[in-house]
Amino acid sequence: MSLCIVRQFRGIEMCIARSEEHVTQIERVIRSWQAFKRELLRKDREREPAHCMFGLALGGGFARGLAHIGVLKVLEQENLRPDFVAGTSVGSILGAAYCSGLTAAELEQLTGSLRFRDFVRFTFSRYGFCSADRMDSLLTRLMKCQSFEEMRIPFAVAATNIRSGDAVVFRTGKLCAAVRASCAYPGMFPPVDVDGELYVDGMLGHAVPTTPLRTMGAECVLGVYLNSNWVRMHPPRHMFDVITQCFNIAQTRMSESWRKDANLVIEPDVNGFAYDCFDRAPELIRSGEDAMRAALPDLKRALGLSETPTLVPSVQDKELQLPM
C-alpha cells in the first residue's frame, strides 16, 4: 500500500513539473510579445512629430472672465487640448472647472443661471465689504474635483501673499481654498487663510499666469488678457468701480512682466462690460470666441501644427443647471 502511495506522489510531482514547465514557456511567450509591442510603440513614437507642450493662462476680470469660455470653446472645436492650465481670479474658477472635467459647452450652459449674488454676500468687515462664503458652495457644486491631485489637466492657481507681497502659485492640496484666495479682490473680499498664511487676489503677482506655465513645462504659452477700461465710457458708479479701474491701470503698466513668457496673447474685446454683468454672458463668450478664432493661425504656427482647420463636431448637451 505504501509503495502505491509513493508512486502516486511521484506521478503528481511529475505532472506538477510538466505544468510548471508549460507555465514558464507561456510566460516567455508573453514577455516576448510585450517586448515586441514596446519596440513597435517606440518606433511609432520616433516617426511621430514631437508634441509641443501647450499651456493656457487665464487672467482675471470678474464677469468679463466669461470670455474665457469662448476661448475654451474654440480650442475644443479645433481639438487643441492644453497640457497645462493656470488661472488668476475668475480665470482660476473657470480653469479649475474645466480641468476638473467640465466641457466648454457645459460651462456655457451653466452661465445662463449665474449671477453676481452667487459669489457675493454684502456684509461688514474691517477687511472687506463682502463675504465670500457663498463662493465655497458655488465652487463645490461647479467643480468635479476637490484637490489639485485629482485634476484631469495639470492646473495652477495664482494668488498673492498679503504679508510678504510675494506672488504664490498653488499646485497641490485643496482646490477651493486656493481658488478663493486667488479671487480675494482687495477691498471687496477679506484675505483668505491657507495653512496659516493670508492671501489676496493673484492679479497682483500674476495678472495673467504665463510664468507658472513655463515652470510646469509648457513650451508654447497662450495668455488671455481681459483689459477693460469701461469707465472711459461711463463714470464710476461706486467705490468698487474706482478700485477696479485702478487695478486695470496697474495691470496694464505691469503687463511686460508676464507677456515675456507668452508666445501669444489674445485680448477679447470686453470694453464696456462692467465687472458684475453676468447677465451679458452670451456677448462675453462670443468676444472670447472671436478673439480665439482670429488668433488660431498664429497659435497653430506656434504649436508647429498645420493651419488646416481640424474642426470636430460639437456635442449638444442637454441644458444644465447648477445643482441646488
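Residue indices begin from 1 for each chain and proceed along its sequence in written order. It should be noted that, the model being predicted, local features are given only for residues of pLDDT at least 70 and side-chain atom pairs only at 80 or more, the latter also being counted only at that level, while totals for whole chains, interfaces and linings use all residues. Side-chain figures throughout are based on the complete set of non-hydrogen atoms in the structure, without hydrogens or water.

### Points about the side chain of Ser100
To qualify as a helix, a DSSP run of H or I must reach at least 4 residues; to qualify as a strand, a run of E must reach at least 2; elements of each kind are numbered from the N terminus. Tracing the backbone shows Ser100 in helix H3 (residues 90-100). Here's how the labels work: a residue is buried when its accessible area is under 20% of the maximum for its type, exposed when over 50%, partly exposed in between, all with a 1.4 Å probe on protein chains only. On the basis of relative accessibility, which here comes to 2%, the residue Ser100 falls in the buried class. Contacts between residues were defined by any pair of non-hydrogen atoms, one from each residue, lying within 4.5 Å. Setting aside its immediate chain neighbours within four residues, Ser100 contacts Met143, Lys144, Cys145, Met151 and Arg152.

### Section: the packing of H3 against helix H6 (residues 175-182)
Axis definition: a line fitted to C-alpha atoms, over the contacting stretch in the case of helices. Angles run 0 to 180 degrees between N-to-C directions. Interhelical geometry of H3 versus H6 gives an angle of 155° and a closest axis separation of 8 Å. Taken as axis vectors, H3 and H6 run roughly antiparallel relative to one another. The chirality of how H3 crosses H6 is right-handed. Counting all contacts with H3, which are made through Ser92, Ile93 and Ala96, the residues of H6 involved are Leu175, Val179 and Ser182. Amino acids are sorted into nonpolar (Ala, Val, Leu, Ile, Met, Phe, Trp, Tyr, Cys and Pro), charged (Asp, Glu, Lys and Arg) and polar (every other residue, Gly among them). Looking at the contact of H3 with H6, its residues break down into 4 nonpolar, 2 polar and no charged. Here roughly perpendicular refers to angles of 65 to 115 degrees, roughly parallel to angles under 35, roughly antiparallel to angles over 145, and oblique to all remaining angles. Note on convention: near helix rotated counterclockwise from far helix by under a right angle means a left-handed crossing. Clockwise means right-handed.

### Concerning H6
Of all 8 residues in H6, 6 are buried; the element is thus mostly enclosed. Considered for burial, the residues of H6 that qualify are Leu175, Cys176, Ala178, Val179, Ala181 and Ser182.

### Considering the packing of helix H5 (residues 133-142) against H6
Put simply, H5 and H6 touch, their axes get as near as 10 Å, and they point 130° apart. Between H5 and H6, the crossing angle belongs to the class labelled oblique. H6 is crossed by H5, and the crossing has right-handed handedness. Taken together, the residues of H6 that come into contact with H5 (itself represented by Met135, Asp136, Leu139 and Thr140) are Cys176, Val179 and Arg180. Here the contact of H5 with H6 is composed, by residue class, of 4 nonpolar, 1 polar and 2 charged.

### Considerations on the pairing of strand S2 (residues 84-88)
Burial runs high along S2: 5 of the 5 residues are buried. A two-sided burial pattern is seen for S2, the buried positions comprising Phe84, Ala86 and Thr88 on one face and Val85 and Gly87 on the other. Two strands qualify as a pair provided DSSP detects at least 2 bridges between them. As paired elements, strand S1 (residues 54-58) and S2 share 4 bridges and run parallel to each other. Bridging from a neighbouring strand, Leu56 pairs with Val85 of S2. A clockwise course of the path from the first strand over the helix to the second, judged with the strands pointing away from the viewer, identifies a crossover as right-handed. Assessed by its sense of winding, the connection that carries the chain from S1 through helix H2 (residues 67-77) to S2 is right-handed.

### With respect to the state of the cysteines
Any pair of cysteine sulfurs within 2.5 Å is marked as a disulfide. Summed over the entire model, instances satisfying the criterion amount to 0 disulfides. Unpaired in this structure, Cys145 has its nearest cysteine sulfur neighbour in Cys99, at a distance of 9.2 Å. Here Cys220 stays free of any disulfide, with the sulfur of Cys52 as its closest cysteine sulfur at 5.1 Å.

### Concerning the packing of aromatic side chains
Two rings from Phe, Tyr or Trp (for Trp, the six-membered ring) form a pair when their centres are within 6.5 Å of each other. A pair whose planes differ by under 30 degrees is stacked, one over 60 is edge-to-face, and the rest are tilted. Across all of its chains, the model carries 4 aromatic pairs by this definition. Here the aromatic rings of Phe62 and Tyr185 are separated by 5.0 Å at their centres, their planes lie at 75°, and the arrangement is edge-to-face. Taken together, the positions of Phe62 in the loop between S1 and H2 and Tyr185 in the loop between H6 and strand S7 (192-194) put the pair 123 residues apart, joining distant regions of the chain. Assessed through its relative accessible area of 14%, Phe62 is described here as buried. Judged by centre distance (5.2 Å) and plane angle (75°), the rings of Phe170 and Tyr199 are edge-to-face. Linking Phe170 in strand S6 (residues 167-170) with Tyr199 in strand S8 (residues 197-201), this pair joins segments that are 29 residues apart in sequence. Judged by relative accessible area, Phe170 falls into the buried class, the value being 12%.

### As for the environment of Asp166
Its location among the elements puts Asp166 in the loop between strand S5 (155-161) and S6. You can call Asp166 partly exposed: its relative accessible area is 45%. Put simply, Asp166 and Gly202 are 36 residues apart on the chain and 9.9 Å apart in space, counted from C-alpha to C-alpha. Ignoring anything within four residues of it in the chain, the contact list for Asp166 reads Ala159, Thr160 and Asn161. Reaching out from Asp166, the side chain makes a polar contact with the side chain of Ser164 at a distance of 3.1 Å. Throughout this description, a polar contact denotes any pair of N or O atoms lying within 3.5 Å of each other; where both atoms belong to protein, one of them has to be capable of donating a hydrogen while the other can accept it, and for residues adjacent in sequence the pair is counted only when both atoms sit in side chains.

### A word on the nonpolar core
Phe155, Phe170, Met292 and Leu299 are the most contacted members of the largest nonpolar core, which has 80 residues in total. The leading source of residues in this core is helix H10 (residues 281-302), at 8 residues. By size, the runner-up hydrophobic cluster in this structure holds 12 residues, among which are Ala156, Ala207, Leu213 and Val221. To form a nonpolar core, buried Ala, Val, Leu, Ile, Met, Phe, Trp, Tyr and Cys residues must be joined to one another through side-chain atoms within 4.5 Å.

### Remarks on the side chain of Asp261
Among the secondary structure elements, Asp261 is positioned in the loop between helix H9 (256-259) and strand S10 (264-266). Within polar-contact distance, the side chain of Asp261 engages the side chain of Thr211 at 2.6 Å. A polar atom in the side chain of Asp261 sits 3.1 Å from the side chain of Lys260. Excluding its chain neighbours within four sequence positions, the residues that come into contact with Asp261 are Thr210, Thr211, Arg214 and Val221.

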